[in-house]
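# Close look at the chain arrangement
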Amino acid sequence: AYTMVTGQLVTGGFVIIIAQNWITAGIIALALLAVPNLTYAMLDEAPRALAAANVVLASGCAAIAFLSFLRERDNRRAFGLTVELSRAARTDALTRVHNRPHILRIAEQAMERARQYEHPLTLLMIDLDHFKAINDTHGHANGDRVLETFAKASADSIRDRDHFGRLGGEEFLAVLEGADAREAAHVAERLRAACEALRVSPGGAEDPAAAISVTASIGAATLAPEDADLSDLMRRADRALYEAKRGGRNRVASADDPPSHGSHG
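Here goes a summary of the coordinates provided. This is a predicted model, so every value here is computed, not measured.

With that settled, the discussion passes to the sheet that holds strand β3 (residues 171-177). Strands sit in the order β2-β3-β1-β6-β7 across an open sheet of five strands; the sheet is mixed. Edge strands, defined here as strands with exactly one partner in the open sheet, are β2 (163-168) and β7 (252-254). Strand-to-strand twist in this sheet, taken as the mean axis angle between neighbours without regard to direction, amounts to 20 degrees. Each of β1 (121-128), β2 and β3 is contacted by helix α4 (residues 100-117), which is oriented at about 130 degrees to β2, the strand it contacts most. Each of β1, β2, β3, β6 (216-222) and β7 touches helix α8 (residues 230-246); the most contacted strand, β6, lies at about 140 degrees to it.

Next comes the structure, spelled out in structure tokens:
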């Protein structure tokens, strides 16, 4: 009996250790417990040693199953930590949107897909107007609060398939896959209006009159045959952004439109 149980414990223990989860390990343990008893029942034999052997087998299987449970728990924690670190590497710490390296990587991949499948692609370069004055007047902590609020409002304003990230400072980038110039203009105007409607309360202030207002200028550029790479497309979007600022700020300008000096409001 001891010989049988020892062999089963060694073999079964190895199987349990490589089990994918503790539930599987528990089922294997129960099966191992049943085998010697069924064997001796069929042989009409019940040596006294079998009871002690079963205790050894049960204890060993329980210990191995418990170790399997601990291993699974540690694996889950390690996986969760890996996911969290991966997310942190892609996310801007302040605004919780894509950071610069990740949004640029997304834009490059989107450009490759647009070329391959002949789909439109538009980039929006977005810059908060007079943001330095906000920092100087209300302090950097409130400036950060404005950036956080703007990023959340913008992420809620774009389409589900669009991507939004922070390039640095008060400058952001939206990647609109499948959007031609006309559709992108609607998205850009929605972003601009959402920004104009923001009212950010300074820390500790409850007076609505003390709320900080902010506007954004947006430059749009739709992928064209002359854009050899992402830098060309971004350069055209940046020029459009400059036109929006020169035209009075708080407006949207397109790289494909002639320069205009009008402004919203």
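Next, the rest of the story.
So, on to the environment of Ala 244. Looking at where Ala 244 falls in the secondary structure, it is placed in helix α8. When the C-alpha positions of Ala 244 and Ser 217 are compared, they lie 5.8 Å apart, and in sequence the two are 27 residues distant. In this structure, Ala 244 is in contact with Ser 217, Ile 218, Arg 249, Arg 251 and Ala 253, ignoring residues within four places of it in sequence.

Where helix α5 (residues 131-138) is concerned, the buried positions are Phe 131, Ile 134 and Asn 135. Viewed end-on, α5 has its buried residues packed into an arc of 95 degrees, placing them on one side of the element. Those residues of α5 that are exposed and aimed more than 90 degrees away from the buried face are Lys 132, Asp 136 and Thr 137. Here the buried face of α5 lies against β1, α6 (140-157) and β5 (212-213). Directly after α5, the chain includes Gly 139, whose backbone phi takes a positive value near 95 degrees.

Mapped onto the elements of the fold, His 138 is located in helix α5. Separated by 64 residues in the primary sequence, His 138 and Pro 202 have C-alpha atoms spaced 7.5 Å apart.

The next subject is the pattern of salt bridges. Oppositely charged side chains are able to pair whenever their charged atoms sit close together. In this structure the tally under the stated criterion is 15 salt bridges. Across the pair Asp 129 and Lys 245 runs a salt bridge, and its minimum N-O distance is 3.4 Å. Of this pair, Asp 129 sits in the loop between β1 and α5 while Lys 245 sits in helix α8, and the two are 116 residues apart along the sequence. What emerges from the salt-bridge pattern is a single network uniting Arg 159, Arg 161, Asp 162 and Glu 183.

The rules behind these values
- Residues numbered from 1 in each chain as written.
- Predicted model: local features only at pLDDT ≥ 70, side-chain atom pairs only at ≥ 80, totals over all residues.
- Heavy atoms only, no water.
- Pairing = 2+ DSSP bridges.
- Helix = DSSP H or I, 4+ residues; strand = E, 2+ residues; numbered from the N terminus.
- Axes fitted to C-alpha atoms, helices over the stretch in contact; angles between N-to-C directions.
- Contact = heavy atoms within 4.5 Å.
- Buried < 20%, exposed > 50% of the residue type's maximum accessible area, 1.4 Å probe, protein only.
- Arc of directions from axis to C-beta.
- Salt bridge = Lys/Arg side-chain N within 4 Å of Asp/Glu carboxyl O.

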